[in-house]
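Structural description and commentary
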There are 2 protein chains.
Amino acid sequence: MQPQALPGFRDFYPTDLALREHIFRTWRRVAARYGFEEYDGPPLEPLELYTAKSGEEIVGQLYSFTDRGGREVSLRPEMTPTLARMVAARANGLRKPIRWFSIPQLFRYERQQRGRLREHFQLNCDLIGEPGHLADAEIVALAIDAVRAFGLGPEDVRVRLSDRRLLTALLQNLGVAETQVPVVWQVFDKLRRTPEEITAAKLSGAGIPGATVERLLGLARSRSWSDLPGLGPGLDAALARGEPLRRTLESLEAMGYGDYLDLDLGIVRGLAYYTGTVFELFDARGELRAICGGGRYDNLLQSLGGVDLPALGFGMGDVVLGELLRERGLVPEPGSSIDVFLAAITPDDLPHVLGLARELRDAGLRVEYALAPQAVGKQLKLADARSARLAVVVGPDDRARGEVMVKDLRGKAQESVARSAVRERLTSAVGRVG
Amino acid sequence: MQPQALPGFRDFYPTDLALREHIFRTWRRVAARYGFEEYDGPPLEPLELYTAKSGEEIVGQLYSFTDRGGREVSLRPEMTPTLARMVAARANGLRKPIRWFSIPQLFRYERQQRGRLREHFQLNCDLIGEPGHLADAEIVALAIDAVRAFGLGPEDVRVRLSDRRLLTALLQNLGVAETQVPVVWQVFDKLRRTPEEITAAKLSGAGIPGATVERLLGLARSRSWSDLPGLGPGLDAALARGEPLRRTLESLEAMGYGDYLDLDLGIVRGLAYYTGTVFELFDARGELRAICGGGRYDNLLQSLGGVDLPALGFGMGDVVLGELLRERGLVPEPGSSIDVFLAAITPDDLPHVLGLARELRDAGLRVEYALAPQAVGKQLKLADARSARLAVVVGPDDRARGEVMVKDLRGKAQESVARSAVRERLTSAVGRVG
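Here the structure is a predicted model, which means the values were calculated and not measured.

1. So, the overall build of chain A
The secondary structure content of chain A amounts to 17 helices and 17 strands. Since a compact globule built from 434 residues should have a radius of gyration of about 22 Å, the 29 Å found for chain A marks it as more spread out than a globular shape. Considering only C-alpha atoms, chain A reaches an extent of 95 × 55 × 50 Å along its principal axes. Split into buried and exposed, the 434 residues of chain A put 58% on the buried side. If you take every contact in chain A between residues at least 6 apart in sequence, the share linking residues at least 24 apart comes to 68%. With the model as given, the accessible surface of chain A reaches about 17,400 Å², and the carbon-plus-sulfur share is 49%. Computed over 57 positive and 58 negative side-chain charges, the separation of the two mean positions in chain A equals 3 Å.

Right under this line is the structure:
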């Protein structure tokens, strides 16, 4: 039996890698436009980094083991603990606000089901040292641009925003008891996948009076800030706690991203550590899992790394985004892997082919030639198989005149070119910069 | 106590990551010029993939464990087994020769000592499906270009080439017995770090006659093909086995790489699976460990993946190369992380700053602005701290005239620019393409 990859792990053949690189390159370009600098940490970390503060779900899915030195270690399931560790180690020397991004590969031993992988790559963007709403708007805008740059518009992707401070205050104002709050959060977290009558029944089952259930469902249905006051009296004090969210939305509208945004108080986010703004990006048809999730986690750096800095950020995975790009026809066509194929007519021409290969590669061209002796016709077939745009044929007669033959393999035109002018001619034909 | 990274694992802060990206980007550019396409595999693989054919040294250093599903797994210590697995799975559908590269992170639990890490990144280039010497020359040329592209010349880096077929034939011709061959290989592998009298003593100790020891030392001292026949009679048959090496050297000279090359029969390479050409790249001063090692492994794909294809390749690590670049002053200066800083004079100007940020970022510029309200002077200090080249100040008076103020933060010049002309003006000043 031939060896295979582990279940849930991907092989990236060149065509798969080309899509991955397209995604990474686009993410890097967008992050750079926001002044974000790239960092990375080890994929293997001390286990305690994750058991300290991560949600229980994550701890149960760790790839953890004891290394040869007796250390408890784990493959990273998320990037934020590493980020907190690194920032804490140099907190005083780093300019604030810290604008950092990374594209780590993350690992979780998830129950196997269709489309569920055990590794994925995730764009992580974090903004550290700013407590105000402009930082929230900046991070959400960056998340939007990180999908928009692929050609995905507001008809493809929706941003659902909420704020834990606001939701907590609303529940208090509506008289939801401390003991009932966890049920409401659980129910809200599943709203989109649950018929409303079942949601209502669950809330009633937790002892919440019918009128309050109605108002909670109204909250969950709200899709913009202006919907909220219409939900009735007694909410003014709670809405004051929503001021950061309101101003975040306003700032995003000033940036022209209003058409991507939905207020959605059902966005809870599983991870335990968020303290304010929470948001997720979904495909607009609601057919795929979340593309991105993030929010403000003002206490996490303190509890993980001992440094008291407000912070917020998001993670955007490569898997769901890749599915959406494929579905929308936004995956770039694979190009040819070479520009120029060199062919030799006789064995004596081969050293000249080798010298020309070096010269053209030094000029930045992508060059191949046959690695075994064969007839020119066969060499040119290989050039076609590689989708080369140009071929150069080196033969004794042309060489005697100080020339080579340049063939355009698309237009099928050909012409003699002075050997000394070949590099210039080919680089301008290909338009590639070294 | 603050959490730390595991010993032997690196954190990449933005300045470290910038060097890593410089190395990766350069490697990718060079590989592309040779028509090589990038692939990748999982960093975690079934343990058996490595226990089957890797050298014993590697197996003793594996990060291996049992996963939650009871599978024996290991972090990858090298890339070739994954490559063999992937090629075998699609052997018939892949165009030959296969020209693939990858930049995997590899993991070995090595004994800790200065400069020894437990992870590193490695450029892996492999050429599959060609048995002839032109393939050997192509792979060695690619390895040379993968260091030359950083500005390292033949006075910085040496390529030491040998051929296992040749060395085996030479030992036979010199009358070295089958049982003595392993001792000679071991001794040859340590030649450069051992005084010649100790080498001679070891060879004599293995029962090799004094005259043969002298000739073996002569072989080890040879630095070019033309040295070899001078070693005395009886070598002609053996030199015939060196024909592929001779022609590889010739082809590399035709490409103009002769000044990088040293014949060195002391190059043995620890890994068990090489069958022909073997080579290593070293810093010319001989102060660092090998930068790169590789060779031909014609039987490995058969034994690992069940597909009979000749193959050869190399691995080049990021650690030693990085040390050499630092030592030679070839690490690029870190640039600024932004192009333009936007400042608002009054709170009413902020929405205009936000809209302008979106517009300029869409045009490909790297843009920041203050995320908390503060005086313009303080905002411009932040712009300086970020090494921004340009600042745009948005204020009520300028806005009333449909203008903003553009400041060159290096030359300290400033001028009013029509709001509608800002993008054009800034993109041409920065010269950045979106």
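2. Here we look at the sheet that holds strand β3 (residues 64-66) of chain B
Residues and elements named next belong to chain B. If you trace the 3 strands from one edge of the open sheet to the other, you get β2-β4-β3, paired in antiparallel fashion. Both edges of this open sheet fall to β2 (44-46) and β3, since each of them pairs with a single strand only. Each strand axis lies, on average, 35 degrees off the axis of its neighbour in the sheet, ignoring direction.

3. A look at the relation of the copies chain B and chain A
Of the transformation superimposing chain B on chain A, the axial component is 0.0 Å and the angular component is 180 degrees, with the fit at an RMSD of 0.0 Å. Interpreted geometrically, this transformation is the action of a two-fold axis. Considering only C-alpha atoms, the residue of chain B closest to the rotation axis is Phe65 of chain B, which sits at 3.2 Å. Both copies share a contact surface, since 99% of the interface residues of chain B are interface residues in chain A too.

4. Considering empty space enclosed by the protein
Under the definition given, this model contains 1 cavity of 30 Å³ or more. Looking at the lining of the largest cavity residue by residue, the classes come out as 14 nonpolar, 4 polar and 12 charged.

5. Details of the pairing of strand β15 (residues 390-394) of chain B
Residue and element names in this part refer to chain B. Of all 5 residues in β15, 5 are buried, a share of seventy percent or more. In β15, alternate side chains face the same way, and those of Leu390, Val392 and Val394 on one face and Ala391 and Val393 on the other are all buried. Note: strand β13 (residues 340-344) against β15, 5 bridges, orientation parallel. Within β15, the residue paired with Val340 across the bridge is Leu390. Across 4 bridges, the pairing between β15 and strand β16 (residues 403-408) is antiparallel. Bridge pairing in β16 links Val393 to Met405.

6. What to know about helix α5 (residues 133-148) of chain A
Over its 16 residues, α5 of chain A extends 22 Å from the first C-alpha to the last, a length consistent with the 22 Å expected when each residue adds 1.5 Å. With 15 of 16 residues buried, α5 of chain A is to be regarded as a mostly interior element.

7. Things to note about the interface of chain B and chain A
Contact residues are listed per partner, giving 96 residues for chain B and 95 residues for chain A. Across the interface of chain B and chain A, roughly 8,400 Å² is buried in total on both sides, 55% from carbon and sulfur atoms. For the chain B face of the interface with chain A, the top three residues by lost area are Tyr13, Arg33 and Leu371 of chain B, together amounting to 10%. At the surface where chain B touches chain A, the tally comes to 12 salt bridges. We note a salt bridge from Glu21 of chain A to Arg28 of chain B, for which the minimum N-O separation is 4.0 Å. Examining the composition of the side of chain B that touches chain A, we find that 8 residues originate from one element, helix α1 (residues 14-33) of chain B, more than from any other.

8. Details of the pattern of salt bridges
In the structure shown here, the tally under the stated rule is 69 salt bridges over all chains. As a salt-bridge pair, Arg20 of chain A and Asp40 of chain B come within 2.9 Å of each other at their nearest N and O atoms. Highlighted residues: Arg20 of chain A in helix α1 (residues 14-33) and Asp40 of chain B in the loop between β1 (37-38) and β2, drawn from two different chains. Comparing Arg20 of chain A with Asp40 of chain B, the two get one shared label, buried. Put simply, Asp398 of chain A and Arg401 of chain A hold a salt bridge, and the shortest N to O gap is 2.5 Å. One connected set of salt bridges, linked through shared partners, spans Arg99 and Glu138 of chain A together with Arg361, Glu368 and Arg386 of chain B.

9. Section: the packing of aromatic side chains
Residues and elements named next belong to chain B. Evaluation of the coordinates by the stated rule reveals 25 aromatic pairs over all chains. Note on Phe9 and Phe107: the rings are 6.3 Å apart at their centroids and 25 degrees apart in plane angle, and the pair reads as stacked. Of the two residues, Phe9 sits in the segment before α1 while Phe107 sits in strand β6 (residues 105-107), which places them 98 residues apart along the sequence. A residue is classified by how much of its surface remains accessible, and Phe9, at 8% relative accessible area, is buried.

10. Overview of the packing of α1 of chain A against helix α13 (residues 318-327) of chain A
Residues and elements named next belong to chain A. Between α1 and α13, the least distance of the axes is 11 Å, while the angle of their chain directions is 105 degrees. What the angle tells us is that α1 and α13 run roughly perpendicular. Across the interface between the two elements, Leu19, Ile23 and Trp27 from α1 touch Asp318, Leu321, Gly322, Leu325 and Arg326 from α13. Across the contact of α1 with α13, the residue classes break down as 5 nonpolar, 1 polar and 2 charged.

11. Comments concerning the domain arrangement of chain A
Domain annotation of chain A identifies domain 1 (14-327) and domain 2 (340-430). Taking only C-alpha atoms, the centre of domain 1 of chain A and the centre of domain 2 of chain A are 54 Å apart.

12. Observations concerning the confidence of the model for chain A
Across chain A, pLDDT averages 92, with 97% of residues at or above 70. Both confidence scores are given for the complex: pTM 0.95, ipTM 0.94.

13. Observations regarding the side chain of Arg85 of chain B
One can find Arg85 of chain B in helix α4 (residues 80-89). Classification of Arg85 of chain B as buried rests on a relative accessible area of 4%. Among the polar contacts made by the side chain of Arg85 of chain B, one reaches the side chain of Asp11 of chain A at a distance of 2.7 Å. Those residues in contact with Arg85 of chain B, other than ones at most four positions away along the chain, are Pro3, Gln4, Ala5 and Asp11 of chain A together with Pro42, Glu45 and Leu49 of chain B.

14. Quick word on the sheet that holds strand β3 (residues 64-66) of chain A
All names here are of chain A. Spatial strand order, β2-β4-β3: 3 strands in an open sheet with antiparallel pairing. Lying at the two open borders of the sheet, with one neighbouring strand each, are β2 (44-46) and β3. Each strand of the sheet is rotated relative to its neighbour by a mean of 35 degrees, with strand direction disregarded. Relative to strand β4 (residues 72-75), β3 runs antiparallel, the two being bridged by 3 bridges. By the bridge assignment, Thr66 is partnered in β4 with Glu72.

15. As for helix α7 (residues 181-189) of chain B
Residue and element names in this part refer to chain B. Restricting attention to buried positions, one finds in α7 the residues Val184, Trp185, Val187 and Phe188. For α7, the arc enclosing every buried residue in end-on projection is 165 degrees, short of the 170-degree limit, so these residues lie on one face. On its buried side, α7 packs onto α6 (164-173), α8 (196-205) and α9 (210-221).

The rules behind these values
- Residues numbered from 1 in each chain as written.
- Chains lettered and ligands numbered in written order.
- Predicted model: local features only at pLDDT ≥ 70, side-chain atom pairs only at ≥ 80, totals over all residues.
- Heavy atoms only, no water.
- Helix = DSSP H or I, 4+ residues; strand = E, 2+ residues; numbered from the N terminus.
- Rg over C-alpha atoms; globule rule 2.2 N^0.38 Å.
- Buried < 20%, exposed > 50% of the residue type's maximum accessible area, 1.4 Å probe, protein only.
- Contact = heavy atoms within 4.5 Å.
- Areas by Shrake-Rupley, 256 points an atom, 1.4 Å probe, with all protein chains shown as cover.
- Lys, Arg positive; Asp, Glu negative; His and termini not counted.
- Charge placed at Lys NZ, Arg CZ, Asp CG, Glu CD.
- Pairing = 2+ DSSP bridges.
- Axes fitted to C-alpha atoms, helices over the stretch in contact; angles between N-to-C directions.
- Least-squares fit on C-alpha atoms with pLDDT ≥ 70 in both.
- 1 Å grid on protein atoms, 1.4 Å probe; cavity = no way out; pocket = protein on both sides within 12 Å on 5 of 7 lines; lining within 4 Å.
- Points joined across faces, edges and corners; volume = space filled by probe spheres on them.
- Nonpolar A, V, L, I, M, F, W, Y, C, P; charged D, E, K, R; others polar.
- Expected span 1.5 Å × (residues − 1).
- Buried area = accessible area lost by both parts, 1.4 Å probe.
- Salt bridge = Lys/Arg side-chain N within 4 Å of Asp/Glu carboxyl O.
- Phe/Tyr/Trp six-rings, centres within 6.5 Å; stacked < 30°, edge-to-face > 60°.
- Parallel < 35°, antiparallel > 145°, perpendicular 65-115°, else oblique.
- Domains from an automatic or database assignment.
- pLDDT = per-residue confidence, 0-100.
- Polar contact = N/O pair within 3.5 Å; in protein donor to acceptor, adjacent residues only side chain to side chain.
- Arc of directions from axis to C-beta.

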